[in-house]
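# Observations on the three-dimensional arrangement
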Amino acid sequence: MVIQWFPGHMAKATREVKEKLKLVDIVFELVDARCPLSSHNMYLDEVVKDKKKIIIFNKIDLCDRAETAKWKNYFENKGYTVVYTDAKNSNNLNKVIDKAKEELAEKIARQVAKGIKPRAIRSMVIGVPNVGKSTFINKLIKKNIANTANKPGVTKKQQWLKLNKDIELLDTPGILMPKFDNQEIGKKLSLIGSIKDDITPLDDVSLYLIELLKENYLENLNNLYKINVNSDDENVFIMEKVAEKRFKKIGGDYDYDSTIKLLIQDFRTQKFGLITLDNYNFLLENEEQNEN
Ligand code: GDP
């Protein structure tokens with residue numbers, strides 16, 4: 001089964017983001033530090049055009065730092081400013097404000113030189129679902145405000161939240177529905193909770209998780225389930241080993257349904273430890289193949 005998106009919904013969300021973008025000087029794109037490339041909107045530059053942007057690797061507390069650091073380099077080489085944050089624990093949020101001021105320093109200096117008194121910098125948060133946008137906004141202003149704005153049917157006037165005397169933030173985040181034709185990206189977005197489970201083929205997602213774990217985090221996989229599989233074992237074979245350990249057979253057959261749910265749940269509750277899903281070597285191999 002192929003993961004399907006709802007183009008109508010997606011188009012509306014993108015339109016809304018574009019409208020709000022007109023109001024701001026700088027955009028904070030939140031991505032999930034466990035898959036910075038897959039959760040990044042590849043069309044960001046098209047959508048955001050000439051605005052300044054900072055890419056925020058949120059949930060930094062959950063990722064494999066060494067692997068994610070390669071993605072920081074990757075984005076920096078493309079000219080982006082990258083900041084790591086753990087919004088849940090309010091870590092490094094002030095760095096975002098500092099970087100935003102740095103990015104706009106030149107523009108402000110030009111205004112001052114012309115005798116214009118600069119107004120506060122206006123910013124907004126965008127990103128795919130579940131990367132931590134509401135948490136980020138709430139922690140930045142130390143209140144619980146962004147959630148209420150997300151409820152369907154609750155329309156309220158947009159507000160500027162004062163982060164300090166120089167910078168304001170739009171109180172509602174822009175939700176991006178990334179366009180992707182790569183099913184692997186879809187499966188990673190499902191694992192991080194950006195795509196609803198009821199439109200996702202969870203069997204494929206869990207087999208893909210096994211594939212990623214066996215290739216990059218075999219020890220974590222073996223340790224969690226007290227199994228002893230190898231990276232050249234078939235994914236289904238590994239799933240059956242997990243099933244054998246954790247569930248009773250049903251009518252002589254493995255309880256695949258429960259095992260699929262368990263694997264995904266264990267990823268989402270960090271039972272495998274610190275994992276980065278976007279593997280940098282994989283990207284390099286693909287780029288090399290494309291060049292040949
Ligand atoms: P949104 O859909 O992008 O607005 O995401 P939310 O703000 O609703 O956050 C989704 C989930 O991720 C919530 O359970 C948050 O508590 C959690 N979360 C947000 N930021 C972080 C973070 O930096 N680290 C961790 N571990 N969890 C986070």
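- Under an unreviewed UniProt entry, the protein chain has the name Ribosome biogenesis GTPase A and belongs to Gemella haemolysans M341.
- Checking UniProt for the protein chain, the heading Function (unreviewed entry) contains the comment "Required for a late step of 50S ribosomal subunit assembly. Has GTPase activity."
- We quote the UniProt Sequence similarities (unreviewed entry) comment for the protein chain here in full: "Belongs to the TRAFAC class YlqF/YawG GTPase family. MTG1 subfamily."

## Focus on the packing of helix H9 (residues 218–225) against helix H10 (residues 235–246)
- Contact geometry for H9 and H10: axes closest at 10 Å, N-to-C directions at 25°. One finds that H9 runs roughly parallel with respect to H10. In contact with Leu221, Leu224 and Tyr225 of H9, H10 contributes Ile238, Val242, Lys245 and Arg246.
- Here the residues of the contact of H9 with H10 sort into five nonpolar, no polar and two charged.

## What about the environment of glutamate 103?
- Here glutamate 103 lies in helix H4 (residues 93–113).
- Glutamate 103 gets classed as partly exposed once you look at its relative accessible area, which sits at 23%.
- Each C-alpha atom of the pair glutamate 103 and lysine 53 lies 8.5 Å from the other, and the pair is 50 residues apart in sequence.
- Apart from the residues within four sequence positions on either side, glutamate 103 is in contact with Ile26, Lys52, Ile54 and Thr81.
- Looking at glutamate 103, its side chain comes within polar contact range of the side chain of threonine 81, at 2.5 Å.

## With respect to the side chain of aspartate 255
- Relative to the elements of secondary structure, aspartate 255 occurs in the loop between H10 and helix H11 (256–268).
- Although aspartate 255 is buried, it makes no salt bridge; lysine 261 carries the closest opposite charge, 7.6 Å away.
- Not counting the four nearest positions on each side in its chain, aspartate 255 is found in contact with Phe247, Lys248 and Ile250.

## Observations concerning empty space enclosed by the protein
- In the structure shown here, the tally under the stated rule is one cavity of 30 Å³ or more.
- Estimated volume of the largest cavity: approximately 30 Å³.
- Lining of the largest cavity is provided by Arg34, Leu62, Phe267, Gln270, Lys271, Phe272, Gly273 and Ile275.
- Within the lining of the largest cavity, the residues separate by chemical class into four nonpolar, two polar and two charged.

## So, the UniProt feature "binding site: GTP" (unreviewed entry) in the protein chain
- Under the UniProt annotation, the feature "binding site: GTP" (unreviewed entry) is placed at Asn58, Lys59, Ile60, Asp61, Asn130, Val131, Gly132, Lys133, Ser134, Thr135 and Gly174. These annotated residues cover 117 residues of sequence, and their C-alpha atoms reach 23.5 Å apart at the extreme, placing them across more than a single site.
- By the element assignment, lysine 59 lies in the loop between strand S2 (52–58) and helix H3 (65–77).
- Note on lysine 59: relative accessible area 18%, which makes it buried.
- Setting aside chain neighbours within four positions, we find lysine 59 in contact with Asp32, Ala33, Arg34, Thr85, Asn130, Val131 and Gly132.
- Looking at the element boundaries, asparagine 130 is found in the loop between strand S4 (121–127) and helix H5 (133–141).

What counts and what doesn't
- Here, residues in each chain are numbered from 1, in the same order as that chain's written sequence.
- Local features in this predicted model are restricted to residues whose pLDDT is 70 or higher, and side-chain atom pairs enter the listing and the counts only when it is 80 or higher, whereas totals over whole chains, interfaces and linings include all residues.
- Water and hydrogen atoms were dropped before computing side-chain values, which therefore reflect all heavy atoms in the structure.
- UniProt positions are given in the numbering used here, feature names are shortened, and annotations may be inferred rather than shown by experiment.
- Lines fitted to the C-alpha atoms define the axes, with helices restricted to the stretch that makes contact. Angles between their N-to-C directions range from 0 to 180 degrees.
- Segments assigned H or I by DSSP are reported as helices when at least four residues long, segments assigned E as strands when at least two residues long, and all are numbered from the N terminus.
- Orientation categories follow fixed angle ranges, with anything under 35 degrees roughly parallel, anything over 145 roughly antiparallel, 65 to 115 roughly perpendicular, and all other angles oblique.
- Contacts are residue-level and defined by heavy atoms, with any inter-residue pair within 4.5 Å sufficient.
- Gly counts as polar in this scheme, as do all residues outside two lists: the nonpolar Ala, Val, Leu, Ile, Met, Phe, Trp, Tyr, Cys and Pro, and the charged Asp, Glu, Lys and Arg.
- Here the term buried applies to any residue with accessible area under 20% of the maximum for its type, exposed to any over 50%, and partly exposed to those in between, with areas from a 1.4 Å probe on protein chains only.
- Distance and chemistry together define a polar contact, namely a pair of N or O atoms within 3.5 Å, with one atom able to donate a hydrogen and the other to accept it when in protein, and with adjacent residues in sequence counting only for side-chain atoms on both sides.
- Positive charges come from Lys and Arg alone, negative charges from Asp and Glu alone, with His and the N- and C-terminal ends not counted.
- Any carboxyl oxygen of Asp or Glu that lies within 4 Å of a side-chain nitrogen of Lys or Arg is treated as forming a salt bridge with it.
- Buriedness of a pocket was judged along seven lines, with at least five required to meet protein on both sides within 12 Å; pockets are open sets of points on a 1 Å grid over the protein atoms alone, cavities are sets where a 1.4 Å probe fits but cannot get out, and lining residues have an atom within 4 Å of a point.
- Grid points are joined across faces, edges and corners, and a volume is the space filled by probe spheres set on the points.

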